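# Residue-level structure breakdown
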Amino acid sequence: MSANKSIQVPPTVVRVSDVSVILFWEPPAGEVESYTVSCCRGEEVVKELQTDGTSLTIRDLQPGRDYLFSVCAQLKDGLKREPTATSAGTKTRFEDVLEVLGLQQYYKEKLSLDKILQIDQKSITDAPPESNTDVVWYFLKKLMMVNVTARNVDYTSQNMSAGELTDDDSVFDLDGLTSAMCLGDRIHLLDIMTALFHCSDGFVQQELSRKMSMCQFAVPLLLPNCDSNQCTLMLWALRDIVKRYRPKSLSETKGFKEERIVHSEIPMISFVRLGDCSLSKSKTLNQLLSNSQQYHDTFVHRDMEGGDCPRTISNGLAEMTWYLPCGNKNIDIFDEPVAVVNLHGDIASFETQFSFLCQTSSAVFVFFDNVDSECTHLMTKSRAHIFLVGNQKTNRSALQEVATKIQLPKGNIMLKSKTMNDANFVKKLQNIMRKFIVDSKLRLQIEEMTSVAHNLGVQVDEDRPECQNAKRNADAITAEIHDTLVFKKTQLPRQGQIWKKLTSIEKEEFRLQRAGSKNIEEYKSDLLKCKLYLLQEQNKCDISIAMSCFIKGLLSPVAERSYFLKWMRINLDNLSSENLSDLREQYKEKSKSSNNKEEFKKIDEQLSNSSLGTEHFFREMGQIYEASLSLPESDPSREQLQHLPRLCAQLLLDGFPLELVDGDASNIPLRWVSDVLAQLNELVSPNNKILVVTVLGVQSTGKSTLLNTMFGVQFAVSSGRCTRGAFMLLIKISEEMKTSLNCDFLVIVDTEGLKSLELAQLDNSHEHDNELATLVIGLSDITLINTATENSTEMKDILQIVVQAFLRMKEVGRKPNCQFVHQKVSDVSAHEKNLRERKLLLQQLNEMTQAAAKMERKEENKSFTDVMDYDPDTGNWYIPGLWNGNPPMAPVNAGYSEAVYELKKNLMHILENHESTANNILEFREWITSLWNAVKHENFIFSFRNSLVADAYMRLCTEYNKWEWEFKKAMYTWSTNAEIKIKNFGTVACASQEHQSIEQLHTDLKMSAINELAKWERKLLNNLVLYFEQKDGHVYLVEGYKQEFENCTRMLGIQLKSSVFNELHVAVDLKRGQAELDRVKEKHTKEIEKRVNKLIESCRKKHAQMTDEELDTEFDEMWSEALKDLEFFKQKPLDIFANVGSHLRENMRNKGSHACEELSKKSLMDCGLSPFKYTADVWKKAKQQLYELVRNESLVNVQNSAEQIIAACQQFVSEKVERKNNYHETFILEILHIIDTDLSNDQMIKDMDFEVSLKQHICATAARQFQKMQEDFLSENDPYLCLNKNKEKFSADFKDVFNKQDQCHKKAVEFTERCLKVAVKDFINRSLGADIMGEMQTHQEFHTRTDFQYSVLQDLLEKHRFHDFLRYTRHYEDYVKEWILLKICACSSAVYDFEKKHIQSCVRSIEDAVTKAKEGDTENVKSLVEEICKELGDKLAISKEALDTFMVLNNADMDTFAFWLTSCVNDLGQSLPNKDKNIKKRLQRLHVKPQDELFNKMIGCGKQCPFCQAPCEASGSAHSEHFASLHRPQALGNFKWETGKLTTDICSTIVNSARRFQSVATKGKWQPYKKYREIYPDWKIVPDISLDSSDYWKYMLKEFNKEFAQVYQAEPADIPNIWMSITKSRAVKSLKTSFNIK
Ligand SMILES: Nc1nc2c(ncn2[C@@H]2O[C@H](COP(=O)(O)OP(=O)(O)O)[C@@H](O)[C@H]2O)c(=O)[nH]1
Ligand SMILES: [Mg+2]
Ligand SMILES: [Zn+2]
Ligand SMILES: [Zn+2]
């Protein structure tokens, strides 16, 4: 340590408490003997201390004072240093306690509920407190969970003794020092509570008091402030305590009183202490209030943990508790209620408190050891009777003196003598009290004590202006309520009958149960009209006075708003507890006995009518808002109400509940709720992720109590109201927990009003309960199923509802975790004992699953575990009864609180391990909407549509499409290469010599194809696995499709294998034929060459010079001779008709003799000459009961199917013809395969005659084209003709050689033109298709089938041309094919770019090859060219014939040739890509035709809705269900003859109605639309998402109604009036919603 020698540094104050200060200073230069530290206050020296260390603790100072400390060093050399000084003020005692407890920051900024309730690490870990700063939070956490052990906060500290500094002064241990100081003293429990109350805001205080009183702890009545010596009457804090008890007067009738304790008019008896007292007042009181079987520590006393250390700030605290009778003589200590107050501290020091008690109590018991005869304190004017309670230490004469002085009757003095035991003493006290309880005239409500308080200068916590203002506002509203029913009718009219009517219309809009024989669309539009009318009615009512006051109250400043809502709640509760307590009791009684059903129903109705809570006001607010939305946007009253959702969102954040479902009407005000949630999202974004915990169970099984205990929230427990519905609350997650839980808020949903089946049947609310359960379970991440084990039938009822909901969730892709909570389990070993019951439960669940599966028509679900992940061992919780003993005097059972805590920890654990990311608020909103929409339909599962699911599916499809294309492209590339290898086999271009024969090459290629295929298949499957392992993107929602896509992948592998093998097979066969030809041609060429050479020789011999004419004559002569001598092999054409015919017969052989017979009736040659016509006479055998209608309908359909199959086959044939190859029999096999697959896919066609005639037609047409193709091929390749074609060339070459002309340039041109150009073009034709395909797939409209459908429809709407529209509806495939082609053509510049790119790459390859060949050891042009071909052999297939011909008579100079070749190739590069070329023609030549690829991809499975022909959009080839996002009016698909009028029915609507249909598939029988799945099991027709989702088609039909009618020669459809108002922009909007396009 280096001391500053010149300047003396003043000592540092290290820490200050209320009574001590720790100083530290630097030693001065020189050896120090000792230091003198003096402490002064003003002039007075308070202390002077000596030390040889450099720090010191100065103790025993006064709290809250300023001191001057000076340090003077005495040096060893005898010198004294100048003293250095610093000043410091001690803390007040109060400040000190706060600091020790770590609460100082909350003295100004009070603790608020959201801070306390937020979920942090502490709230779910069990670490016991380790220091004073932990103690408060530990107490708080336990108290919030109403744990009666909350007060056991004593911690055993490890280093309590470290009060003094060690004398090792080299290291200054600041931490140790500080902690030593704080740990110096433990803090008394009452000090902790006092501090906590001081640091809490009014709402936390209320919660603390409420929970304390539930634990039967005394609560503060007067809260002292030891600094200011003032105290506060805690009226507000006590306001939320509601007690119910049965006074003697009601014990006969079994009635009870339920009231806010601050309103109770019950006598109060106070206990105070004067001077010292050896008798523990608190302990005595505890004994006094406990009944004999069960002792309970109501008051903290000195023998308790944490009760033995000195109190510092809680002196002057008056605690209060109540004794409330239960109406049983044998249990009750007092048979009337009584309030008991215990004042801590000596009344000598707390006169105010004492006076207060004396004026408010009936009796005051003063405990003391000794009285001072002066006894001024007892002389106060008291309304209360004073009792003096002394003990054996008491000086009796002094007591006597005092008694006379204050004129105390004899009976008012008690002495606990040495011999009297506690029990006797307590009994005596009780006896005295009993008398007073009965006789006392003074029964002040706590509320009435305010005037006393004000007179005495005691503050009242409700005096705060925000509280008073709020109270005024709330009172103004509630004062007007005289009759709840009337009030609700007049002031809250919107939630009444109109809303209920609206609800039922809304449901009818979806269910269409009462449509009768009306036209469905007409009916719907009638309903809509009706709805609009009702909404108008809703809007007609002005906003009532009460509502505008309510809204005004909500708009007050934040602090006041909370008070306002609390006051509203309090006032309304007071009202209803007056009105309802009777009814509720009757209800309970009646619900037990099952005979009085009518009466019961009446009570239930009355209950619901007369209940009124804040939620009714909020409901009204929601209704006002919803109704205002139907007003024009500019309407001022609509604008005024725009802020309501934001307001409500704010309230949610403040911890107020939002009603999700209005259980009374069984409806959700969807717009309201979703707008509130949207606002909430805005308020918290980006921290908007939420996890949802919900609870379900029959009413009054303690659900709300459970949630309140678990999370400290304030859902209404049954006392107070009977509203039905679901309420949500938001709980913050602390920063530290956000990462592990991966969410920002916990949403808790409490449900109210679920009834047992028996009760539900009375008022038909069973369905409502079902709806509620479905919604709530669908929203949750964890659902708690709450049951009270007392009643097993009730449990069964609830399970039934729950199981059905879970089944539904499984089907829609949600997997909430489910925990069963069994309440009121008395036995400790419940869990073990219940093993058997758990088995039973599972068995029940399984049975119910089967029943529910039947109802939802999802019978594959056999057991509960099929429906969800449920582990009987970990999914059950047993929670003991809430009360430990007999209410009202029973505290909460510690076991209850502990069990709930265990459950809470477990829930958090489950949430932490949640398999996917949490939803955000907007997603949550989407779930509400889609679940509720589906709930409104009769059939939930098939009606469910959710944009998140749709999104997830689209994303998966888009991904999969990409992979699929990669796979396909890779295989195209592979087979192109393979084909080139085959083509080049055995030619100079064949680089490798590893294969002896073409067969060997074939085998090798097949092997390598299999490897390649397997590699890609594995890759795709792996991609899928990885995809589903992602945590985000909600992939779990589409997990059900995983299997489907795996199957698709395998199918794709199989398909590609077969096509690759086919191609190889064909290529090899063709190569064989070609090789034969090539050999012949080569021989011919060689022969000609020989002869020409000979001719040249002979000519040269004859003449040195010859004219061209002479040479020509010579050549011609030679040529004719040569041709005469040459043997021309003529290729035999195959009899294609015979070949095709035999394959067709083979194909039909196992279809029965009838088929063969039919086949042989007509010669193939005679078939396919005219367009295929499916004639009715095929139907001649059809059963008579098929109506005309059905017949016509199916005729059209079958014809359509046939045409589609024909088109597909024709496409195949054209492709083959385009390649200009020879015929190969695999072609016809493939065609038959196409027909067979298509036919087997088609339900409609099961008719053999039809199959035969169709096959004959197709085969004949194909055979005809193949025949032509073969002819062309043969003539193209006929050796004789080929040779003749080259005559000119040979002659020219001959002349050149004879004239010794330089051939280089000419030959280079020839090589480029005849060999390279063809090969390059071929290369481009092979590659370009895949490129275009790749490019097109990047366009949005080709991402998925849904995107495609959307784009086509949107385009139709834009074009607005009837002709297109008609073609789209009648010739869907043609239309779409052309549409795709146009799309590709629109990309011609991209095509051009690709082409250019390929040409450039070819040119580069050729140039490289030339360079490389030149560098090699080549002697002449021939070997040079061979070298070049070899180089290019992997990329280009150069025709052998062209090459051979080129080689003939070739004597060009190598280098010059190479030079010219480079230049020619360059020219080739410049000339080839032709911008102006007709792109359609261009496309036709490509090997991979993008238009066909895209078409196949977009047409998908090619299925169309059996009712309206809307095309299926499901992805992958192996999907199990077809679906279409948007169905069309059936008028557009088929014309119905029945009425002669076009109909407007839309399948997605009609599948909900009671309508029936008949078709070929039903064999002419009538089938209800609702059960369409029995007929078309693989179609999923989802009802419209919203009522206006089919606006698109309505718009189209309305626009083109006349034109359609004309085309169909029918009357125009009756267009419902409401359709006329549909605009184009609405049509666009509906299209977007239907296809989930944003
Ligand atoms: N005796 C007893 N009463 C309970 C228990 N749990 C809750 N209660 C009381 O039952 C009543 C109904 O509780 P509540 O939570 O509102 O039930 P909910 O309708 O399911 O929400 C309340 O008065 C609770 O105090 C329990 O375990 N035992
Ligand atoms: Mg409840
Ligand atoms: Zn349809
Ligand atoms: Zn399909």
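Bear in mind that the values here come from a model prediction, so they are computed numbers and not experimental data.

### Notes on the coordination of the zinc ion (ligand 3)
- Surrounding the zinc ion (ligand 3) are the protein donor atoms Cys1505 (SG), Cys1508 (SG), His1527 (ND1) and Cys1547 (SG), at 2.1 to 2.3 Å.
- Every donor counted, the four donor atoms about the zinc ion (ligand 3) form angles of 96 to 121° at the centre, which fits tetrahedral coordination.
- In primary sequence terms, the donor set of the zinc ion (ligand 3) follows C-x2-C-x18-H-x19-C. With histidine 1527 in the loop between helix H56 (1490-1499) and helix H57 (1530-1533) and cysteine 1547 in helix H58 (residues 1547-1550), this pair connects stretches of sequence that are 20 residues apart.

### Quick notes on a positive patch on the surface
- Residues Lys1220, Lys1321, Lys1481 and Arg1485 make up a contiguous surface patch of positive charge.
- Within the secondary structure layout, arginine 1485 lies in helix H55 (residues 1479-1485).
- The exposure class assigned to arginine 1485 is partly exposed, which follows from its relative accessible area of 41%.

### Some points on the confidence of the model for the chain
- Model confidence for the chain is summarised by a mean pLDDT of 83, while 91% of its residues fall at 70 or above.
- In the model, residues 1-6 has pLDDT below 50 throughout and makes nine contacts with residues more than four positions away in sequence or in other chains.
- Segment residues 157-183 is flagged for pLDDT under 50; beyond a separation of four residues in sequence, or across chains, it makes 28 contacts in the model.

### Focus on the sheet that holds strand E3 (residues 32-41)
- Read from one edge to the other, the open sheet built from four strands follows the order E4-E3-E6-E7, with strand pairing classed as antiparallel. Each of the sheet's edge strands pairs with one partner strand only, and the pair in question is strand E4 (44-51) and strand E7 (84-89). Strand-to-strand twist of the sheet, defined as the mean angle between neighbouring strand axes without regard to direction, takes the value 20°.
- When E3 meets strand E6 (residues 66-75), the two strands line up antiparallel, connected through eight bridges.

### Here's the deal with the pairing of strand E25 (residues 876-879)
- Side-chain alternation along E25 places Asn876 and Tyr878 on one buried face and Trp877 and Ile879 on a second face that is also buried.
- Pairing of strand E24 (residues 817-823) with E25 involves four bridges; the strand directions are parallel. Bridging across to E25, valine 821 finds its partner in tryptophan 877.

### Section: helix H47 (residues 1304-1337)
- Its 34 residues give H47 an end-to-end C-alpha distance of 47 Å, which sits within 8% of 50 Å, the value for a rise of 1.5 Å per residue.
- Along H47, the sharpest kink reaches roughly 40°, centred on leucine 1316.
- Along H47, 25 of the 34 residues are buried, which leaves the element largely enclosed by surrounding structure.

### Observations concerning the pattern of salt bridges
- Enumeration over the complete set of coordinates arrives at 66 salt bridges.
- Among the ionic pairs, arginine 619 bridges to aspartate 664, the shortest N-O distance being 2.8 Å. Of this pair, arginine 619 sits in helix H21 (residues 614-628) while aspartate 664 sits in the loop between strand E19 (658-662) and helix H24 (670-684), placing them 45 residues apart in sequence.
- When its relative accessible area of 23% is taken as the criterion, aspartate 664 is described as partly exposed.
- When the shortest N-O distance is used, the salt bridge between lysine 1090 and glutamate 1087 registers 3.6 Å. Of this pair, lysine 1090 and glutamate 1087 are both found in helix H38 (residues 1042-1102), three residues apart, which corresponds to roughly one turn of the helix.
- On the basis of relative accessible area, lysine 1090 is assigned to the exposed category, the value being 52%.

### Some points on the sheet that holds strand E1 (residues 12-16)
- The three strands are arranged E1-E2-E5 in an open sheet whose pairing can be described as antiparallel. The open sheet has two free edges, formed respectively by E1 and strand E5 (55-58), since each of these has just one partner strand. When strand polarity is set aside, the average angle formed by the axes of neighbouring strands in this sheet is 20°.
- Where strand E2 (residues 21-24) and E5 come together, four bridges link them in antiparallel fashion. In the sheet register, leucine 23 faces E5, and the bridge partner there is leucine 56.

### Let's talk about unusual backbone geometry
- Residue proline 686 is reached from serine 685 by a cis peptide bond, and omega for that bond is 5°.
- In the segment running from proline 887 into proline 888, the intervening peptide bond is cis, with an omega of 5°.
- By the element assignment, proline 888 lies in the loop between E25 and helix H33 (894-912).
- Although it is not a glycine, serine 666 sits at a positive phi angle of roughly 55°.
- When you line up the elements, serine 666 lands in the loop between E19 and H24.
- A positive phi angle is found at histidine 1360, which is not glycine, with a value near 55°.

Reading guide: rules and limits
- Residues numbered from 1 in each chain as written.
- Chains lettered and ligands numbered in written order.
- Predicted model: local features only at pLDDT ≥ 70, side-chain atom pairs only at ≥ 80, totals over all residues.
- Heavy atoms only, no water.
- Donors = N, O, S within 2.8 Å, 3.2 Å for Na, K, Ca; no water.
- Tetrahedral: all angles 85-135°; square planar, octahedral: opposite > 155°, others 65-115°.
- Helix = DSSP H or I, 4+ residues; strand = E, 2+ residues; numbered from the N terminus.
- Patch = residues over 30% accessible without salt bridge, like charges linked within 9 Å, V, L, I, M, F, W, Y side chains within 5 Å.
- Areas by Shrake-Rupley, 256 points an atom, 1.4 Å probe, with all protein chains shown as cover.
- Salt bridge = Lys/Arg side-chain N within 4 Å of Asp/Glu carboxyl O.
- Lys, Arg positive; Asp, Glu negative; His and termini not counted.
- Charge placed at Lys NZ, Arg CZ, Asp CG, Glu CD.
- Buried < 20%, exposed > 50% of the residue type's maximum accessible area, 1.4 Å probe, protein only.
- pLDDT = per-residue confidence, 0-100.
- Contact = heavy atoms within 4.5 Å.
- Pairing = 2+ DSSP bridges.
- Axes fitted to C-alpha atoms, helices over the stretch in contact; angles between N-to-C directions.
- Expected span 1.5 Å × (residues − 1).
- Bend = angle between axes of the 7 residues up to and from the residue.

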